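# Chains, contacts and geometry: an overview
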Amino acid sequence: MSAPVVVLHAPSEAGAAALRSAAHLAREEDSPLVVVATTAGVDDDRSEEVEREVAVGQVTAVIGVPGGDVPWTLELVRPGADAAAMLVGAVEAHEPRLLVIGSRQRSSLGKMLLGRTLQRLLLEVSVPVLVVKAGRPLDGGAP
């Protein structure tokens, strides 16, 4: 099987567009899809279990069940003092062929200056990064 497509999940319109785009690419290339999401950072097994259930429900609502049309797995990352470094490490651990990230519409200044975490991901991951605009998934589906 080929290298996976990794997508960062966020419960937002931009996150849904990224999920749909990543699922579309994984389906076209017969690649596994890995969904990476962050937790609230609470060091409690029950909290993480609830967060996993919520994330699975959110992802399933957008791209279907894990064993469905596009097989996917979920990895929860507990952010530490350096959330961007934790995300880079989680992405790199899967040795993906591509990272997909959603991005919301920004003001004029925001277009010039990306958020710090997104900027670090773009600079620090060793694979190509696809940034998908909210409401504009690759598959042409509704946001």
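Let me begin by describing the structure that accompanies this report.

Now for the overall build of the chain. Counting its regular elements, the chain contains five helices and five strands. Each helix and strand of the chain, placed in order from N terminus to C terminus, yields the pattern β-α-β-α-β-α-β-α-α-β. Within the chain, residue pairs in contact and separated by at least 24 positions form 79% of the contacts whose partners lie at least 6 positions apart.

A complete count under the given rule lists five salt bridges for this structure. Notably, a salt bridge pairs Asp-69 with Arg-27, separated by 2.7 Å at the nearest N-O pair. Pair noted here: Asp-69 is in the loop between helix 2 (45–63) and strand 3 (72–77) and Arg-27 is in helix 1 (residues 13–29), with a separation of 42 residues, a long-range link. Look at the salt bridges and you will find they share partners, linking Asp-82, Arg-120 and Glu-124 into a network.

Here five strands make up an open sheet; going across it, the order is 3-2-1-4-5 and the pairing parallel. Because the sheet does not close on itself, it has two edges, and the strands there are strand 3 and strand 5 (129–133). The sheet shows a mean angle of 25 degrees between the axes of neighbouring strands, direction not considered. The strands touched by helix 1 within the sheet are strand 1 (5–8), strand 2 (33–38), strand 4 (98–103) and strand 5, with strand 4 carrying the most contacts at an inclination of about 155 degrees.

On to the packing of helix 3 (residues 83–93) against helix 5 (residues 116–124), then. Interhelical geometry of helix 3 versus helix 5 gives an angle of 40 degrees and a closest axis separation of 9 Å. As far as their axial angle goes, helix 5 and helix 3 are oblique. Handedness of the helix 3/helix 5 crossing: right-handed. Every residue of helix 5 that contacts helix 3 at Ala-84, Ala-85, Leu-87, Val-88 and Glu-92 is listed here: Thr-117, Arg-120, Leu-121 and Glu-124. Across the contact of helix 3 with helix 5, the residue classes break down as five nonpolar, one polar and three charged.

Moving on: helix 3. All of the buried residues in helix 3 are Ala-84, Leu-87, Val-88, Ala-90 and Val-91. Down the axis of helix 3, the smallest arc covering the buried residues is 165 degrees, so these residues share one side. The inward-facing, buried residues of helix 3 abut strand 1, strand 2, strand 3, strand 4 and helix 5. At the C-terminal side of helix 3, Glu-95 shows a positive phi close to 45 degrees.

For the rest of this paragraph, the subject is unusual backbone geometry. Phi at Asp-30 is positive, roughly 50 degrees, even though this residue is not glycine. A positive phi angle, close to 45 degrees, is found at Glu-95, a residue other than glycine. Considering the arrangement of structural elements, one finds Glu-95 in the loop between helix 3 and strand 4.

Grouped together as the largest cluster of nonpolar side chains are 22 residues, with contacts concentrated most on Val-7, Leu-33, Val-35, Ile-63, Trp-72, Leu-74 and Val-100. Elements represented by at least two residues in this core include exactly strand 1, helix 1, strand 2, helix 2, strand 3 and strand 4. Here this core takes seven residues from helix 1, the largest share from any one element. Those residues in contact with Leu-33 that lie beyond four places of it in its chain are Val-5, Val-7, Ala-22, Ala-23, Ala-26, Ile-63, Val-70, Pro-71, Trp-72 and Thr-73. Membership of the second largest hydrophobic core comes to 15 residues, among which are Val-36, Leu-99, Ile-101 and Val-127.

Cut-offs and rules
- Residues numbered from 1 in each chain as written.
- Predicted model: local features only at pLDDT ≥ 70, side-chain atom pairs only at ≥ 80, totals over all residues.
- Heavy atoms only, no water.
- Helix = DSSP H or I, 4+ residues; strand = E, 2+ residues; numbered from the N terminus.
- Contact = heavy atoms within 4.5 Å.
- Salt bridge = Lys/Arg side-chain N within 4 Å of Asp/Glu carboxyl O.
- Pairing = 2+ DSSP bridges.
- Axes fitted to C-alpha atoms, helices over the stretch in contact; angles between N-to-C directions.
- Parallel < 35°, antiparallel > 145°, perpendicular 65-115°, else oblique.
- Left-handed = near helix turned anticlockwise from the far one by under 90°.
- Nonpolar A, V, L, I, M, F, W, Y, C, P; charged D, E, K, R; others polar.
- Buried < 20%, exposed > 50% of the residue type's maximum accessible area, 1.4 Å probe, protein only.
- Arc of directions from axis to C-beta.
- Core = buried A, V, L, I, M, F, W, Y, C linked by side-chain atoms within 4.5 Å.

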